[in-house]
Every structure is written in C-alpha cells, then in structure tokens.
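# Residue-level structural notes
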Amino acid sequence: MLNSSLKAIRGSFVDFVDDPFSRSEVECVRYLQDGLMILENGKILEFDTYANLSDRYSHLPTEIYEGLILPGFIDLHVHYPQTEMIAAYGEQLLEWLDKYVFPTEQKFQDLDYARKIASFFLDQLLLNGTTTAVVLTTIFSGSVEVLFEEAQKRSMRLIAGQMLMSRNAPNFLINEPHKADAENRKLIHKWHGKDRLLYAITPRFAITSTETELKLAGKLKAEFPDVYIHTHLSENLKEIEFTASLFPDSTDYLNVYEQFGLIGDRSIFAHCVHLSDSAFQRLSLAGAAIAYCPTSNLFLGSGLFNLEQAKSKAYPVKVGLGSDVGAGTSFSQLKSMGEAYRISQLQQQNLSAFKAFYLATLGGAKALSLDPKLGNFDLGKEADFVVLEPNATPLLTLRNSAYTGNLPLDAIASQLFGLMILGDERAIKATYINGELAQFRD
Ligand code: GUN
Ligand code: ZN
C-alpha cells in the first residue's frame, strides 16, 4: 500500500542511546551498517536494519547515502549578531566586548540588517550540520523577531531570547529593565512553543545586569517555568573579579544567579571555565546545563574547561557543545569537538570520538531537556539528521585508507575521530530538518 507522506533513508547510521561518560561506550553507541529510517510528517516512524524493514517499505521513495548518518548537531550557545565579527584580533573577554562586540550589536536596531544576518547565520548552521541552536541576540526586540521568523521559515528548532543589559555597557546597548521585561513577555507569548521555537530569558552576564533586572528575570521565570534561562558564567578571571565587586553579598559567581532563582533544569550556562567543586556540585544538583565552548575558550584565552570534572560520576553536570561564534572561531561542531579534544589533552584527559559526538547530539538534547523529542533516532523523534562524508578531503581519504583495524565499531570511531580533528563543513554532505532536505553539498 503506497502512502505518499512516507519516505525512506538508507545508509549507515550512528547514534547514541545513553551517555558514554556514565557507562561503557559500546553500550551507548548504536551502529546500523545498512539501516533504514522511515519518516512520516517530519518524525521517525521506523528505524532498523534494511534487512528487517525492506520487505514492508521497498515501495517507498528511498534516498540512499554513502558515509555516516548521525543526528543533527546541537549548538548550545551561539551569538548570531556576532557572525560578522568572528576572528577579531588581539583581546580577551572584557576588552574584546568593548572594542568589537558592542559596536557590532548596535547595528541590530536596523531590522533589515538584522534579518539579513539572521538569514546568513541560519544558513551557516545548516551548512555545518547544526539543526538545533540556542542563540543569543541583542537588546533590540526586533533582532529576536527576525531570527524567529527566519528559523520558522526553515522549520528549525531554535531557542532564543532578547538580551538583557542594563549597566556596564555603552548607552546604545542599555535597556531599562521594566521595559525589557514587558518586551520579554510579548516575545514569550508570541514565540514560545510556536512551531519548533522556544524562548530563553537571556541576561547577558551578571556584569551587565542590575539587581532589579535579575529580580525581574527570576519573577518571569517563575511565571513561565518552561522557558529557558541562558547566560554566561565564569568565563574569564577579570570578569569573575568584576562580578564579585558588583555583587559583594554573593558567595560566588553562580550564587548571583542562584539568589535570583535563575538556576534549574532549564538553565544553560556558557563557559564555566573557572568553577569551584561546590559550583559544579550545585549545577549538578539543580539539573542545570553547561555549554562547553572550546574554540571560544581558546580564542579569547579564557582557560581550559574541566570536562572530566563536569562529567564526574559523583556530580555529573549536563554538558553540550557551543560554537560561541563570534568568540568561537567556527560554526562547525566538528571543530568544537576537535578543540575539545586538544583541551582534554592539555589536562592529561582524553576525549574519545564517541564521547565528543555524544556531546554534540544526545548530550546537547539532554542539556536542553529536549531528549524526548531530539538527539537520536528513537521512534517518534523529530527527524533532524546529518550525512557525514568521512572521506571529505584527499587527506582524510588517505588517512582512512591506511586504517587497519577490523572491528566495525573501531573503524567507525576512527572515521569520526578523523572528522573531528580534520573535518569542517566540507564533510557535511546533507542536512535534514524535520524530515526534509535542507542543505546538500554537491
Ligand atoms: N560574556 C558576556 N557577553 C559575552 C559574549 O558576547 N561572548 C562571550 N564569549 N562571553 C560573553
Ligand atoms: Zn557567549
């Protein structure tokens, strides 16, 4: 019986069914060397070996891919207005913000300009295999509206919110907290839960918020408990020192956010490079998530994130990967994984390919509490996925042809490791959003 709303994807599939930081990797990776995925209305209807499913679905239109099909990448922290000022020379966080970021963000009061960049930005995500992103905007409501509109056009899963800033920034980026609160409420009503879009209350960081603003943010979160909180935490030593001087009653940086009711299982904290044991434990107990931003932490010289401590068995924190463009130096989550590997090496730690790809897929979905909908190929989930080309370049082809192992899972681990160390957008053959082809590289 032909059902025209169904279609099939055939190829080699790799995804994760559990967290490889918490149990053995082989129990967490699922690999179907010749698999078939049946899609219906943007969701996964069936997923199994081709041999098991082909009898029932051989009549369907079938797209066949070489390479490896994985869940779409999740970018847990990225600034769309900073797309154009990526690779800004010579400064660390606070000076870099003053010199490059703030003047750029001012431009986003112009809606046409904001839409042009939002559109370019979302297309960059798709080119790089990123299908879900948690995005920072500017203080201008219009900059949020155009981003949501452009994401809606592309059927993307996007979490975003208006940036809250009420002090320690140039006048052109200061918004009065009550006015910002009213704007936030309007945006929540209009966008939160619309199609695949979700809202995040987004204080830039403690330094640019007054107590009044953080109090209003906490009140708003209490009224709308299923919206997210998204901000920066403990990225840079001078930032931490300045924060302590602004909030002398707080016991540490995290405690600033704690005091205002901003910590919970829908809170995402970017960076967390310099955290005490106590702060890691409190994040774990609250079910809050860390956006680990490797390329940014290296580019701004912020420091080495302790992934092993974050994923400790005693107090595991939910962790996903953020590109953090424009402090981050690439939209490619393959690059984020590669830099994460190097950061682990500098701390005598290791990061396997399976762990790294977990962070960019199911780990990110869990960090967002969206794992019931996204992050792997379980039945009923949204069909966002990416086709990776392990031999995307002559160098990768040569390297992979020299591989001599004979266990299938080891061979896959080797190909994925090659991609995370040497790969970039050239390795993204296709990106599917909601079951539809959104990007294809010829
Ligand atoms: N902390 C506050 N604002 C920013 C920002 O725009 N980028 C980064 N990396 N850190 C921040
Ligand atoms: Zn950031």
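Here the residue index of a chain counts from 1 through its sequence in written order. To label them, take the chains in the order written and letter them from A, then take the ligands in the order written and number them from 1. At least 70 in pLDDT is required for a residue's local features to be given in this predicted model, at least 80 for side-chain atom pairs to be given and counted, and no such filter applies to totals for whole chains, interfaces and linings, which use all residues. The side-chain quantities take in all heavy atoms of the structure and omit both hydrogens and water.

### Comments concerning the overall build of the protein
The following threshold applies: Secondary structure elements are defined from DSSP: runs of H or I of at least 4 residues count as helices, runs of E of at least 2 residues count as strands, and each element is numbered from the N terminus. Three exposure classes are used, based on accessible area relative to the maximum for each residue type with a 1.4 Å probe and protein chains only: buried under 20%, partly exposed in between, and exposed over 50%. The criterion used for residue contact is that any of the two residues' heavy atoms lie within 4.5 Å. As used throughout, the charge tally considers Lys and Arg to be positive and Asp and Glu to be negative, leaving His and the chain termini uncounted. Where a charge lies is defined by one atom per residue type: Lys uses NZ, Arg uses CZ, Asp uses CG and Glu uses CD.
When helices and strands are counted, the protein shows 17 helices and 16 strands. Principal-axis analysis of the C-alpha atoms places the extent of the protein at approximately 65 × 50 × 40 Å. Counting across all 442 residues of the protein, residues that qualify as buried make up 60%. Long-range pairs, those at least 24 residues apart, make up 75% of the contacts in the protein between residues at least 6 apart in sequence. In the protein, the 40 positive side-chain charges and the 53 negative ones have mean positions that sit 2 Å from each other.

### Details of the sheet that holds strand β3 (residues 43-49)
This is how the line gets drawn: By the convention used here, strands pair only if DSSP detects at least 2 bridges between them. Axes here mean lines fitted to C-alpha atoms, for a helix over just the part in contact, with angles spanning 0 to 180 degrees between N-to-C directions.
Ordered in space as β3-β2-β1-β4-β14-β15-β16, the seven strands form an open sheet in which the pairing is mixed. What marks the edges here is a single partner per strand, and that holds for β3 and β16 (436-440). Averaged over neighbouring strand pairs, the angle between their axes works out to 35 degrees when direction is ignored. Pairing between strand β1 (residues 6-16) and strand β2 (residues 29-40): 10 bridges, direction antiparallel. Bridging from a neighbouring strand, Arg10 pairs with Leu36 of β2. Sitting on the sheet, helix α4 (residues 111-127) touches β15 (428-433) and β16, and the angle it makes with β15 is about 115 degrees.

### Regarding the site of ligand 1
Quick note on the threshold: Whether a residue is near a molecule or strand depends on its heavy atoms: if one lies within 4 Å, it is near. What qualifies as a polar contact is a pair of N or O atoms within 3.5 Å, subject to a donor-acceptor requirement within protein and to the restriction that residues adjacent in sequence count only when both atoms come from side chains. Throughout, the Shrake-Rupley method with a 1.4 Å probe supplies accessible areas, and for residues the shown protein chains are the sole cover considered.
Neighbouring residues of ligand 1: His79, Gln82, Leu93, Trp96, Leu97, Arg204, Phe205, His232, Glu235, His271, Asp324 and Ala327. Between ligand 1 and Gln82, the relevant distance is 2.9 Å, taken from an oxygen atom to a side-chain nitrogen or oxygen of the residue. Glu235 is positioned such that a nitrogen or oxygen atom in its side chain is 2.7 Å from a nitrogen atom of ligand 1. Protein contact buries 100% of the 280 Å² of open area that ligand 1 shows by itself. Sorting elements by how many residues they give to the shell around ligand 1 places helix α3 (residues 93-106) first, with three residues.

### Section: the state of the cysteines
Simply put, the disulfide is a covalent bond whose two ends are the sulfur atoms of two cysteines. The criterion, for reference: Disulfides are defined as pairs of cysteine sulfur atoms found within 2.5 Å of each other.
Following the criterion strictly, the structure yields zero disulfides and no others. Not engaged in a disulfide, the cysteine Cys272 finds its nearest cysteine sulfur in Cys293; these two sulfurs lie 9.0 Å apart.

### Side note on the coordination of the zinc ion (ligand 2)
Quick note on the threshold: Listed donor atoms are N, O and S within 2.8 Å of the metal (Na, K and Ca: 3.2 Å). As water is not included, a site may look incomplete.
Taken together, His77 (NE2), His79 (NE2), His232 (NE2) and Asp324 (OD) make up the protein donors of the zinc ion (ligand 2), found 2.0 to 2.4 Å from the metal. Binding-site remark: the zinc ion (ligand 2) is held by donors from one chain whose sequence spacing is H-x1-H-x152-H-x91-D. Taken together, the positions of His232 in strand β10 (residues 228-233) and Asp324 in the loop between β13 (318-321) and α13 (333-346) put the pair 92 residues apart, joining distant regions of the chain. For the residue pair His232 and Asp324, the accessibility class agrees, reading buried in each case.

### Looking at unusual backbone geometry
Omega for the peptide link from Val325 to Gly326 comes to 5 degrees, which places this bond in the cis form. Even without being a glycine, Asp195 presents a positive backbone phi close to 45 degrees. Here Asp195 lies in the loop between α6 (177-191) and β9 (197-203). Classification of Asp195 by relative accessible area gives exposed; the value is 55%.

### Comments concerning the pattern of salt bridges
A side chain of one charge can pair with a side chain of the opposite charge if their charged atoms are brought near each other. Note the threshold: Note on definitions: salt bridges are taken to be side-chain nitrogens of Lys or Arg within 4 Å of carboxyl oxygens of Asp or Glu.
Considering all chains together, one arrives at 30 salt bridges under this definition. For Lys366, the salt bridge identified is with Asp371, shortest N-O distance 3.8 Å. Here Arg426 makes a salt bridge to Asp424, at a shortest N to O gap of 2.8 Å. Under the relative-accessibility criterion, Arg426 is labelled partly exposed at 44%.

### Here we look at the environment of Asn306
Mapped onto the secondary structure, Asn306 falls in the loop between α11 (294-299) and α12 (307-310). Using a relative accessible area of 24% as the deciding quantity, one classes Asn306 as partly exposed. Put simply, Asn306 and Leu173 are 133 residues apart on the chain and 33 Å apart in space, counted from C-alpha to C-alpha. Contact partners of Asn306, with chain neighbours within four places excluded, come to Phe280, Gln347 and Gln349. A polar contact of 3.0 Å, which involves the side chain of Asn306, links it to the side chain of Gln349.

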